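Structural overview for review
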Amino acid sequence: MDFARLRRSLSLFEGESLLEGWAAERMMSGEGRLGLAIVTNWRLIFIDSEQRLSAIPIAKIDEVAIPSVRRLAIRAWYDRMDLVFDGPAAAGAVLNLLRQDPKYAARESKPGAAGARGDHREPTVGSPSHDPRLVTS
């Protein structure tokens, strides 16, 4: 797949800047579509080989689930992007770029100690995962 061609084919809005892009597979209805996951200063975009595009504005991301070190499930009220990357570095880089945006206010959930035991309590004020900036209404 020619990822450079996909990157060049993407039209950005006026004032929008492309930050970085990674090869990814978007899972939909049990099957994966290979394409490019791109983070701009405004949006997370996925474009596949047929130049089908979907995008979620960073400010509209409600939740990011991290089912594995290579996978991010990003949810907005109108769409969901379930992305699988080649390795944990790419998935981590996407998540870190999203987190740096001041409008990013998504709730994050990972399979960790609490989730592995089946303990699904809400974070308490003293817990490191309780940060009002990470929870959307």
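Details of the structure are given in the entry above.
For every chain, the first residue of its written sequence is number 1, and the numbers climb from 1 along that sequence. For a predicted model such as this one, the threshold for reporting local features is a pLDDT of at least 70, and the threshold for listing and counting side-chain atom pairs is 80 or more; totals across whole chains, interfaces and linings nevertheless cover every residue. Hydrogens are left out, water is left out, and the side-chain values use all remaining heavy atoms of the structure.

Let us now look at the pairing of strand E3 (residues 43-48). Look at any regular strand and the pattern is simple: side chains alternate between the two faces of the sheet. Of all six residues that make up E3, six are buried, and the element is covered over most of its length. Here E3 shows two buried faces, one formed by Arg43, Ile45 and Ile47 and the other by Leu44, Phe46 and Asp48. By this definition, two strands are paired if DSSP reports at least two bridges between them. Comment: elements are numbered from the N terminus, with helices defined as DSSP H or I runs of at least four residues and strands as E runs of at least two. Relative to E3, strand E2 (residues 31-40) runs antiparallel, the two sharing five bridges. Paired with Leu36 across the bridge in E3 is Ile47. In terms of strand pairing, E3 meets strand E4 (residues 53-57) through five bridges, oriented antiparallel. Considered in E4, the bridge of Leu44 is made with Ile56. Here E3 hands over to E4 after four residues, with Gln51 in that stretch at a positive phi of 60°. Per-residue accessibility, obtained with a 1.4 Å probe over protein chains only, is compared with the maximum for each type, and a residue is labelled buried under 20%, exposed over 50%, and partly exposed between these values.

Across its 13 residues, helix H2 (residues 88-100) extends 18 Å between first and last C-alpha, which sits within 8% of the 18 Å expected from 1.5 Å per residue. The set of residues buried in H2 consists of Ala90, Ala91, Val94, Leu95 and Leu98. One face of H2 carries all of its buried residues, which in axial projection span an arc of 130°. For H2, exposure combined with an orientation more than 90 degrees from the buried face picks out Ala89 and Gln100. Each residue after the first adds 1.5 Å to the expected span of a helix. What the arc measures is the spread of directions leading from the helix axis to the C-beta atoms.

Below, the discussion takes up the sheet that holds strand E7 (residues 79-85). Pairing is mixed across the open sheet formed by eight strands, whose spatial order is E4-E3-E2-E1-E7-E6-E5-E8. Strands at the two margins of the open sheet, each flanked by one partner only, are E4 and strand E8 (107-109). Going from strand to strand, the sheet's axes swing by 30° on average, the running direction of each strand aside. In this structure, strand E6 (residues 71-76) lies alongside E7, joined through six bridges in antiparallel fashion. Residue pairing across strands places Ile74 opposite Met81, the latter belonging to E7. Residue contacts are defined here by distance: any two heavy atoms, one from each residue, within 4.5 Å place the two residues in contact. To obtain each axis, a line is fitted to C-alpha atoms, and for helices this fit is confined to the stretch in contact; angles are then taken between N-to-C directions over 0 to 180 degrees. Sitting on the sheet, H2 is in contact with strand E1 (18-28), E2, E3, strand E5 (63-68), E6, E7 and E8, with an inclination near 120° to E1.

Another point: the nonpolar core. Grouped together as the largest cluster of nonpolar side chains are 24 residues, with contacts concentrated most on Val64, Leu72, Ile74 and Phe85. At five residues, H2 tops the list of elements feeding residues into this core. Apart from the residues within four sequence positions on either side, Val64 is in contact with Leu72, Ala73, Ile74, Leu95, Tyr104, Ala106, Arg107, Glu108 and Ser109. We call a set of buried Ala, Val, Leu, Ile, Met, Phe, Trp, Tyr and Cys residues a nonpolar core when their side-chain atoms join them within 4.5 Å. Listed in part, the six residues of the second largest apolar core include Leu6, Leu10, Ile38 and Ile47.

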